[in-house]
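Spelled out, the chains give:
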Amino acid sequence: MQLLNKKVYKNFKTYPEKVLQFGEGNFLRAFVDWQIQVLNEETDFNGSVVVVQPRGSEKIERLNNQDGLFTLFLQGIKEDQPVKEQLVVDTISRGINLFADYDEYVKLAGQAELRFIVSNTTEAGIVFDPEDRFEDRPQKSFPGKLTAFLYHRFNRFKGDEAKGCIIIPCELIENNGGMLKEVVLQYAEHWNLGEAFISWLENANTFCSSLVDRIVPGYPKDSSEEIQKELGYEDQLMVVGEQYYLWAIEGPDWLGEELPFAAAGLKGTFIVNDLTKFRTRKVRILNGAHTAMTPVAYLSGLDTVEESVNHSLTGKFINDLIYEEIIPTLDDPQDELMVYTNEVLNRFKNPYIKHYLMSISLNSISKFKTRDLPILVEYVNRFGALPERLVFSFSSLLYFYKGKRGGEEIKLDDHPKVLTLFASLWEKYQRQQLGLKELAAQVLADTVLWGEDLTDIPGLTDMVAAHLDRIETDGITAVIKDLSTASVARGEG
Ligand SMILES: NC(=O)c1ccc[n+]([C@@H]2O[C@H](COP(=O)([O-])OP(=O)(O)OC[C@H]3O[C@@H](n4cnc5c(N)ncnc54)[C@H](O)[C@@H]3O)[C@@H](O)[C@H]2O)c1
Ligand SMILES: O=P(O)(O)OC[C@@H](O)[C@@H](O)[C@H](O)[C@H](O)CO
């Protein structure tokens, strides 16, 4: 079978290169690159995207082998109707391999029509690395690479303010635009790039925080062969996402003229003065539920989000968790929260996509810290009691890091230090050198994992230890049943 490229797919268009994209991953391609395609089709935006990989270079070669083309499947409910859309995205003009073609990157900085920079480098990408040097080709960190790019641009245009960039990071961290700007300024100081550059950075460039939302399970590995047979070509970069999308960009009103999302009919993308509300609601309800359901449902023998929310026991658990413990920590109007939650639960039930719990489980410890711990702490502050289901998810997470589902090994994927810590604690438990209460206490007291000592939260260590004990002796299903019965007895569920 022939590989998808411009010889195989002739219906492509070409546009001036206006966007630099840090990240070649599934999410950016199914979200930003798709939106640029809609902008090109529906407005006079007329721009393409140049992709650079924040780390490594392997996928850039794959992207160039396909001339930047890839097939996107958008599956789910649109305006109350089930929709399965399929399109070839032609907005990526090329990828630059920074390790082999750094000069191309410098050249791109000097292209007059380049205007926008987007990124998605995971929660770990926006960091300052003091070892990065301006002379490196390329620098290790993403902000280091970006600072070098902006400096080359500044030099090429001799500080012309009109040639500054609009920078929109998509990383799921609070104040991503502000943080990125801060790190870029830090590099400018660290590398002594001069006052004129710093003032050009400040005055000619606009860093916008943004909040993204679209579930993108990625490459359809289960059905790739039959899909490619149907397509009639090989596509190593196929990507599956849901129909739903939301991109809230915190920026000046004039941005809407340069990025005419409204005119393109992209109703889910808009410019706001303050992102806080969108971010907190999404990270707590959607991401918080994802991360909290993962160990509970996976250890119960389930594999996907859809199975988990449709299952009588875990489905009720997830519902109760959201309605009884997550929503009460949010201050948005109740009717808005109900509409949003309903929407999220329907998205979780999307029958057209397989969202694997194991893919969500990647880096679960730091995800629990950023997504769920704030809910737990807020709940305790507001109600003076522990949120039982969330604490149970937390306990299940610790149990998940034991690395066994029945007789089957769990392919844990986390920072090596995290994996070593849990492997050593669970091994000590197996050798009867450590009880479950001590194991819980040691994990909870680890300020490197959580940023604080969680044993200070009254009753938390005991509750986690009790849950671990019950999961170990009675099995996870028995505990979920008990939690469910207890909530019915309290008149909740
Ligand atoms: N897939 C989704 O449904 C979805 C939806 C919204 C947001 N996100 C966010 O996107 C990220 C994952 O992206 P994806 O699904 O496209 O996965 P992916 O693995 O296809 O892409 C991840 C990208 O991040 C880069 N990266 C990873 N670690 C990095 C680091 N330490 N420094 C710099 N760059 C780094 C990789 O090189 C790659 O470009 C997560 O942070 C996630 O929260 C994903
Ligand atoms: O992509 P991750 O691994 O950071 O998190 C898994 C999911 O929670 C996440 O991808 C959501 O699907 C996404 O945030 C929805 O917008």
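Residues numbered from 1 in each chain as written. Chains lettered and ligands numbered in written order. Predicted model: local features only at pLDDT ≥ 70, side-chain atom pairs only at ≥ 80, totals over all residues.

**Section: the overall build of the chain**
Thinking step 1. Looking only at helices and strands, the chain has 20 helices and 14 strands in total.
Thinking step 2. Relative to a compact globule of 493 residues, whose C-alpha radius of gyration would be 23 Å, the chain shows 24 Å and is just as compact.
Thinking step 3. Projected onto its principal axes, the C-alpha positions of the chain cover 65 × 55 × 45 Å.
Thinking step 4. Scored against the burial criterion, the 493 residues of the chain give a buried share of 43%.
Thinking step 5. Put simply, of all contacts in the chain between residues at least 6 apart along the chain, 76% involve residues at least 24 apart. (Helix = DSSP H or I, 4+ residues; strand = E, 2+ residues; numbered from the N terminus. Rg over C-alpha atoms; globule rule 2.2 N^0.38 Å. Buried ≥ 20, exposed ≤ 12 C-beta atoms within 10 Å, placed from the backbone. Contact = placed C-beta atoms within 7 Å.)

**Observations concerning the sheet that holds strand 5 (residues 92-96)**
Thinking step 1. Reading across from one edge, 5-2-1-6-7-8 is the order of the six strands in this open sheet, with parallel pairing throughout. Strands with a single pairing partner mark the edges of an open sheet, and in this sheet they are strand 5 and strand 8 (206-207).
Thinking step 2. The sheet strands contacting helix 1 (residues 26-42) are strand 1 (17-22), strand 2 (48-52), strand 5 and strand 6 (116-119), and the helix crosses strand 1 at an angle near 170 degrees. (Pairing = 2+ DSSP bridges. Axes fitted to C-alpha atoms, helices over the stretch in contact; angles between N-to-C directions.)

**Re the domain arrangement of the chain**
Accessible area lost on assembly of the parts is the figure often given for the size of an interface.
Thinking step 1. The domains assigned to the chain are domain 1 (17-272) and domain 2 (276-489).
Thinking step 2. Spacing between the C-alpha centres of domain 1 and domain 2 amounts to 32 Å.
Thinking step 3. Facing 16 residues of domain 1, the contacting portion of domain 2 comprises 15 residues.
Thinking step 4. Elements represented by at least two residues in the side of domain 1 that touches domain 2 include exactly strand 3 (70-78) and strand 9 (210-213).
Thinking step 5. Here the element with the most residues in the side of domain 1 that touches domain 2 is strand 3; it accounts for three residues.
Thinking step 6. Its residues assigned to classes, the side of domain 1 that touches domain 2 comprises eight nonpolar, two polar and six charged. (Domains from an automatic or database assignment. Nonpolar A, V, L, I, M, F, W, Y, C, P; charged D, E, K, R; others polar.)

**Points about the site of ligand 2**
Thinking step 1. Taken together, Asp213, Arg214, Ile215, Leu286, Asn287, His290, Ile360 and Leu362 make up all the residues around ligand 2.
Thinking step 2. The element best represented in the shell around ligand 2 is helix 9 (residues 276-299), accounting for three residues.
Thinking step 3. Residues lining the shell around ligand 2 come from more than one domain, with at least three contributed by each of domain 1 (17-272) and domain 2 (276-489). (Near = placed C-beta within 6 Å.)

**Looking at the site of ligand 1**
Thinking step 1. Inspection of the region around ligand 1 gives 20 residues, with Gly25, Phe27, Pro54, Thr121 and Gly125 positioned closest.
Thinking step 2. Its residues assigned to classes, the shell around ligand 1 comprises eight nonpolar, eight polar and four charged.

**A look at the environment of Val216**
Thinking step 1. Tracing the sequence through the fold places Val216 in the loop between strand 9 and helix 7 (224-231).
Thinking step 2. Of the residues examined, Val216 has 21 C-beta atoms within 10 Å and is grouped as buried.
Thinking step 3. Once the C-alpha coordinates of Val216 and Glu336 are considered, the two residues, 120 residues apart in sequence, prove to be 24 Å apart.
Thinking step 4. Setting aside anything within four residues of it in sequence, one finds Val216 in contact with Asn26, Phe27, Ala30, Phe31, Val239 and Gly241.

**As for the UniProt feature "binding site: NAD(+)" (unreviewed entry) in the chain**
Thinking step 1. According to UniProt, the feature "binding site: NAD(+)" (unreviewed entry) maps to Val19, Leu20, Gln21, Phe22, Gly23, Glu24, Gly25, Asn26, Phe27, Leu28, Arg29 and Ala30 in the numbering used here.
Thinking step 2. Take Val19: it is sitting in strand 1.
Thinking step 3. Owing to 26 C-beta atoms within 10 Å, Val19 belongs among the buried residues under this scheme.
Thinking step 4. Other than its neighbours up to four places away in sequence, Val19 contacts Ile36, Gly47, Val49, Phe116 and Val118.
Thinking step 5. Note that Arg29 resides in helix 1.
Thinking step 6. Not counting the four nearest positions on each side in its chain, Arg29 is found in contact with Phe70, Val89 and Val239. (UniProt positions renumbered as here; feature names shortened; annotations may be inferred.)

**Some thoughts on the packing of helix 14 (residues 364-383) against helix 15 (residues 388-400)**
Thinking step 1. For the pair helix 14 and helix 15, the least separation of the axes is 11 Å and the interaxial angle reads 165 degrees. By the angle between their axes, helix 14 is roughly antiparallel relative to helix 15. Regarding helix 14 and helix 15, the two cross each other, and that crossing is left-handed. Facing Ser364, Phe368, Asp372, Ile375 and Leu376 of helix 14, the residues of helix 15 in contact are Leu390, Phe394 and Leu397.
Thinking step 2. Across the contact of helix 14 with helix 15, the residue classes break down as six nonpolar, one polar and one charged. (Parallel < 35°, antiparallel > 145°, perpendicular 65-115°, else oblique. Left-handed = near helix turned anticlockwise from the far one by under 90°.)

**Some thoughts on unusual backbone geometry**
Leave glycine aside and you will find that most residues have negative phi; peptide bonds, for their part, are mostly trans.
Thinking step 1. For the bond running from Arg137 to Pro138, omega is 0 degrees, close enough to zero to count as cis.
Thinking step 2. In this fold, Pro138 is placed in the loop between strand 6 and helix 4 (142-156).
Thinking step 3. Its identity is not glycine, yet Asn363 carries a phi of approximately 55 degrees, on the positive side.
Thinking step 4. Mapped onto the secondary structure, Asn363 falls in the loop between helix 13 (357-360) and helix 14.
Thinking step 5. Of the residues examined, Asn363 has 18 C-beta atoms within 10 Å and is grouped as partly exposed.

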